[in-house]
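Okay, here's what each chain looks like letter by letter:
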Amino acid sequence: MGRTFFVGGNWKCNGTSEEVKKIVSTLNAAQVPSQDVVEVVVSPPFVFLPLVKNELRPDFHVAAQNCWVKKGGAFTGEVSAEMLVNLSIPWVILGHSERRAILGESNEFVGDKVAYAISQGLKVIACVGETLEQRESGSTIDVVAAQTKAIADKVTDWSKVVIAYEPVWAIGTGKVASPAQAQEVHAELRKWLQANVSAEVAASTRIIYGGSVNGANCKELAGQPDIDGFLVGGASLKPEFIDIIKAAEVKKSA
Ligand code: PEP
């Protein structure tokens, strides 16, 4: 299958340059499994991307937290995929629920963004996930399938995509999905890819979990067969992010 474990750190809208330097020096000093065991990507706010890229160890990579849906130009306040490529930023997070909910990004808009970013040479962490209301009404799988379909409708090169399953009710709430809850959705997403894209894409695409992952719960989650890593918010700003990276060892010994 060859799905290298993937751990992303989403720093969201946090940090000063001093704080960012401190996080980077903690990461640089960490002893973690090698790149063939775990791929590590951290995502600072746009303004700190060059600083982090320059100071971060070379075996860790950086991601932007968003980029514009098409070629740059008269779009005040936006950052284009071309600009990220120009700065050699390899990854971008798209479709995060905080942007879907607060800024009204639709499934189609996210699909367009993913396709455009890939067309410019970026790799994408594409986020999907249901709200608490949707989970309680039994529509979790329909919701994540529709979000994934909007991406699949526009994307041909799946080697550039990591899917992050992030239940909205688990993000920043301290309410982590149980390993069984997360595994169920990951397995359904993989089935969806198999039925609607291809068996090869289903087997090779990394599906990572996000939502209140921390140093204490990461190993049990990593032990689930369809969980290929994590997207981490709050805990990615803390030293325990290192423990989350090390959860990759669980897969190696599985
Ligand atoms: C996120 O924002 O992607 C996230 C998973 O946040 P947290 O880990 O804080 O729940």
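Each remark here, short or long, concerns the structure printed above.
Residues numbered from 1 in each chain as written. Predicted model: local features only at pLDDT ≥ 70, side-chain atom pairs only at ≥ 80, totals over all residues. Heavy atoms only, no water.

Turning next to the pairing of strand β2 (residues 38-43). For β2, the tally of buried residues reaches six of six residues, placing the bulk of the element in the interior. Neither face of β2 is left uncovered, since the one carrying V38, V40 and V42 and the one carrying E39, V41 and S43 both have all their residues buried. Bridge count between strand β1 (residues 5-10) and β2: six bridges; the pairing is parallel. The residue bridging F6 from the neighbouring strand is E39, located in β2. Across three bridges, the pairing between β2 and strand β3 (residues 60-64) is parallel. When the bridges of β3 are listed, V42 appears paired with V62. Each parallel crossover has a hand, and for β2 linked through helix α2 (residues 49-55) to β3 it is right-handed. (Buried < 20%, exposed > 50% of the residue type's maximum accessible area, 1.4 Å probe, protein only. Helix = DSSP H or I, 4+ residues; strand = E, 2+ residues; numbered from the N terminus. Pairing = 2+ DSSP bridges. Right-handed = clockwise from strand over helix to strand, strands pointing away.)

Moving on: the packing of aromatic side chains. Remark: the centre distance and the inter-plane angle together describe each pair of aromatic rings, the angle taken between the planes. Taken as a whole and judged by the stated rule, the model has five aromatic pairs. Plain terms: the ring middles of F5 and F230 are 5.7 Å apart, the flat faces sit at 80 degrees to each other, and that makes the pair edge-to-face. A residue pair is termed long-range when its members are at least 10 positions apart, and F5 in strand β1 and F230 in strand β8 (residues 229-232) qualify at 225 residues. In terms of burial, F5 and F230 fall into one category: buried. Ring centres 4.7 Å apart and planes at 45 degrees place the aromatic pair W68 and F75 in the tilted group. (Phe/Tyr/Trp six-rings, centres within 6.5 Å; stacked < 30°, edge-to-face > 60°.)

The next point concerns the packing of helix α7 (residues 140-152) against helix α8 (residues 179-196). Interhelical geometry of α7 versus α8 gives an angle of 40 degrees and a closest axis separation of 10 Å. Taken together, α7 and α8 sit at an angle that is classed as oblique. In this structure, the crossing between α7 and α8 has a hand that is right-handed. Side by side, α7 and α8 meet where T140, I141, V144, A145, T148, K149 and A152 of the first sit next to V185, E188, L189, W192 and L193 of the second. Taken together, the residues that form the contact of α7 with α8 break down as eight nonpolar, two polar and two charged. (Axes fitted to C-alpha atoms, helices over the stretch in contact; angles between N-to-C directions. Parallel < 35°, antiparallel > 145°, perpendicular 65-115°, else oblique. Left-handed = near helix turned anticlockwise from the far one by under 90°. Contact = heavy atoms within 4.5 Å. Nonpolar A, V, L, I, M, F, W, Y, C, P; charged D, E, K, R; others polar.)

Close contacts around the ligand come from 14 residues, with K12, E166, G172, S212 and G233 the closest. Separating an oxygen atom of the ligand from a side-chain N or O atom of H96 is a distance of 2.8 Å. S212 is positioned such that a nitrogen or oxygen atom in its backbone is 2.8 Å from an oxygen atom of the ligand. Relative to its unbound accessible area of 290 Å², the ligand is 96% covered by the protein chains. Residue classes in the shell around the ligand are distributed as four nonpolar, eight polar and two charged. (Near = heavy atom within 4 Å. Polar contact = N/O pair within 3.5 Å; in protein donor to acceptor, adjacent residues only side chain to side chain. Areas by Shrake-Rupley, 256 points an atom, 1.4 Å probe, with all protein chains shown as cover.)

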